[in-house]
Amino acid sequence: QGTRDHAPAQAALRERLLSSVVSCFKRHGAAAIDTPVLELREMLVGKYGEGAKLIYELQDQGGELLALRYDLTVPFARYLAMNKITKMKRYHVAKVYRRDNPATTRGRYREFYQCDFDIAGQFDPMIPDAECLKIVHEILSDLQLGDFVIKVNDRRILNGVFAVCGVPDSQFIPACCTVDKLDKMPWEEVRSEMVGEKGLSPEAADRIGEYVQLHGGLDLIEQLLQDPKLSQNKEAKEGLGDMKLLFEYLTLFGITGKISFDLSLARGLDYYTGVIFEAVLLQQENEHVEEPLSVGSVAGGGRYDGLVGMFDAKGRKVPCVGVSIGIERIFSILEQRLEASGEKFRTTETQVLVATPQKNLLAARMKLISELWDAGIKAEMLYKKDPKLLKQLQYCEDTGIPLAAIVGEQELADGVVKLRDVATRKEVRM
């Protein structure tokens, strides 16, 4: 179906992963918001470039045209406009829907979670943008997924490149969508699509090729600022000036070692207006797996200063920048890594099993477990009146419960509980 069920171990792994990402968002002062799964169809069309064909469209009984949300960014912009909010730092973790051909081995599904962090408001240039990149760096470092690079570009630089290469304005977005395929296709195929399908002249395509195959850091930005053609283009000059400022801030955050200014990065969404970025894993640590998992991009985002204005009756703009963490793709990597290691993954957080060694002690177990629950301690007991002690301890080993609180006839008489460390088998009376 292109959607999936999750066994307890998978669900627990996903929950731990989401918890790690959300704790990073909270550390940066973001507040949680939620928006409906259903949006008016007109709210979503025209915002996603070639991705628009993947929107799930619906019709309700009244004939109103609806759609399942495609991402969390457009609903956020609509929310800001409807509520006349001009400043907000938010995160949102929720499911989105794509009428796509699923590729489960690459973590691509029709229904999947997105984890978004966004900063909305009028601020000094590149400060919020730098924080979004810092968040991506923090999350990917914390999750220890292996080596990664965060590619950065700016739509204004791309537009400038297209302009000086002789691409008409009407062809900018189709050209963008094609350039964005450079991470999956060689330049020859991208060039062929530009000329054959998008209608660009071979000369324009060749000139674009000279730029979009460049990548580097501050040195490349300085080089392009001196470029005789680009330096004459207003949009490109603005974009390069902001990119230089961004790299200065990223240097202060100490993360430029993982950042690459990459002119091939285009991100095909129509709503981006400035800085764009995408995080890519460079290698997978799956030596034990015959076919290493190939997942591509694991995070992406950018600046979308015009999107809120599209939903405002008076066209009032609220500048925004945000990032989306590709949680399904990261989950696929961690899941395969866990399988390869053969490691047992705890499906519950139970701290203690309340156990009894003799018969007719169900009442003692129930009284003790009730006290533990009331005290906020995560506890379980077996649902049998007279379970064998060995069975109860085996359950602890199978599920990874670290402690067993044993209460037998002698313990009841002495007013104590025997606490057993399941791994070491050491016991203390308390």
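All figures in this text were calculated on a predicted structure; none of them were measured in a lab.

On to the sheet that holds strand 10 (residues 275-281), then. The strand order across the open sheet formed by nine strands is 1-5-6-12-11-10-7-9-8, and the pairing between neighbours is mixed. In this open sheet, the two edge strands, each paired with only one partner strand, are strand 1 (31-32) and strand 8 (215-216). Across six bridges, the pairing between strand 6 (residues 111-120) and strand 12 (residues 320-325) is antiparallel. In the sheet register, cysteine 115 faces strand 12, and the bridge partner there is isoleucine 325. Running over the sheet, helix 5 (residues 155-164) touches strand 7 (148-154), strand 9 (259-262) and strand 10 and is turned about 60° from strand 7.

The next thing to look at is helix 1 (residues 8-27). With 20 residues, helix 1 should cover 28 Å at 1.5 Å per step; its first-to-last C-alpha distance of 28 Å lies within 8% of that length. Those residues of helix 1 that fall on the buried side of the exposure criterion are Gln10, Ala12, Leu13, Arg14, Leu17, Leu18, Val21, Val22, Cys24 and Phe25. At its buried positions, helix 1 is contacted by strand 5 (88-97), strand 6, helix 4 (127-142), strand 12 and helix 12 (327-341).

With mixed pairing, the five strands of this open sheet are ordered in space as 14-13-15-16-17. A strand with exactly one partner marks an edge of an open sheet, and here the two such strands are strand 14 (379-380) and strand 17 (427-429). Where strand 13 (residues 352-355) lies against strand 14, two bridges are found, and the strand directions are parallel. Bridging from a neighbouring strand, valine 352 pairs with alanine 379 of strand 14. Relative to the sheet, helix 14 (residues 389-399) contacts strand 13, strand 14, strand 15 (403-406) and strand 16 (418-421), its axis offset from that of strand 13 by approximately 175°.

Residues given the UniProt feature "binding site: L-histidine" (unreviewed entry) here are Asp71, Leu72, Thr73, Arg98, Gln114, Asp118, Arg267, Tyr271 and Tyr272. Those residues in contact with arginine 98, other than ones at most four positions away along the chain, are Leu54, Tyr56, Tyr70, Asp71, Arg110, Phe112 and Gln114. In terms of polar contacts, arginine 98 uses its side chain to reach the backbone carbonyl oxygen of tyrosine 70, at 2.9 Å. Every residue in contact with aspartate 118, bar those within four places of it in the chain, is listed here: Phe76, Met88, Lys89, Arg90, Tyr304, Val321 and Gly322. Separated by 2.7 Å, the side chains of aspartate 118 and arginine 90 make a polar contact.

Within the largest apolar cluster, 76 residues are counted, with the highest numbers of intra-cluster contacts made by Ile208, Phe261 and Ile325. Counting 26 residues, the second largest nonpolar core, distinct from the first, contains Ile33, Val74, Leu307 and Val318.

Next up on the list: the domain arrangement of the protein chain. Many authors give the size of an interface as the accessible area that is lost as the parts come together. You can read the domains of the protein chain as domain 1 (8-341) and domain 2 (352-429). Computed from C-alpha atoms alone, the centre-to-centre distance between domain 1 and domain 2 is 51 Å.

For the structure on display, the rule yields 27 salt bridges. Ionic pairing is found between lysine 244 and glutamate 222, a salt bridge with its closest N-O pair at 3.1 Å. Within this pair, whereas lysine 244 is found in helix 10 (residues 234-253), its partner glutamate 222 is found in helix 9 (residues 218-225), the two being separated by 22 residues in sequence. Residues joined in a network through salt bridges with shared partners are Glu411, Asp414, Lys418, Arg420, Glu427 and Arg429.

Parameters at a glance
- Positions within a chain are numbered from 1, following the residues in the order the chain's sequence is written.
- This being a predicted model, a pLDDT of at least 70 is required before a residue's local features are given, and a value of 80 or more before pairs of side-chain atoms are given or counted; all residues contribute to the totals for chains, interfaces and linings.
- Hydrogens and water molecules were not included; the side-chain quantities draw on all heavy atoms of the structure.
- For two strands to pair, DSSP has to find at least two bridges joining them.
- Numbered from the N terminus, helices here are DSSP runs of H or I no shorter than four residues, and strands are runs of E no shorter than two.
- In this description, contact between two residues means that some pair of their heavy atoms is separated by no more than 4.5 Å.
- Helix axes use the C-alpha atoms of the stretch in contact, all axes being lines fitted to C-alpha atoms, and the angles between their N-to-C directions lie in the range 0 to 180 degrees.
- By this rule, a helix spans an expected 1.5 Å times one less than how many residues it contains.
- For every residue, the accessible area (1.4 Å probe, protein chains only) is compared with the maximum for its type, and the residue is labelled buried under 20%, exposed over 50%, or partly exposed between those bounds.
- UniProt positions are given in the numbering used here, feature names are shortened, and annotations may be inferred rather than shown by experiment.
- Two N or O atoms form a polar contact when they lie within 3.5 Å of each other; inside protein one atom must be a possible hydrogen donor and the other a possible acceptor, and for residues adjacent in sequence the pair counts only when both atoms belong to side chains.
- We call a set of buried Ala, Val, Leu, Ile, Met, Phe, Trp, Tyr and Cys residues a nonpolar core when their side-chain atoms join them within 4.5 Å.
- For every domain, the bounds stem from an assignment made automatically or drawn from a database.
- Between Lys or Arg on one side and Asp or Glu on the other, a salt bridge is scored when a side-chain nitrogen of the former is within 4 Å of a carboxyl oxygen of the latter.

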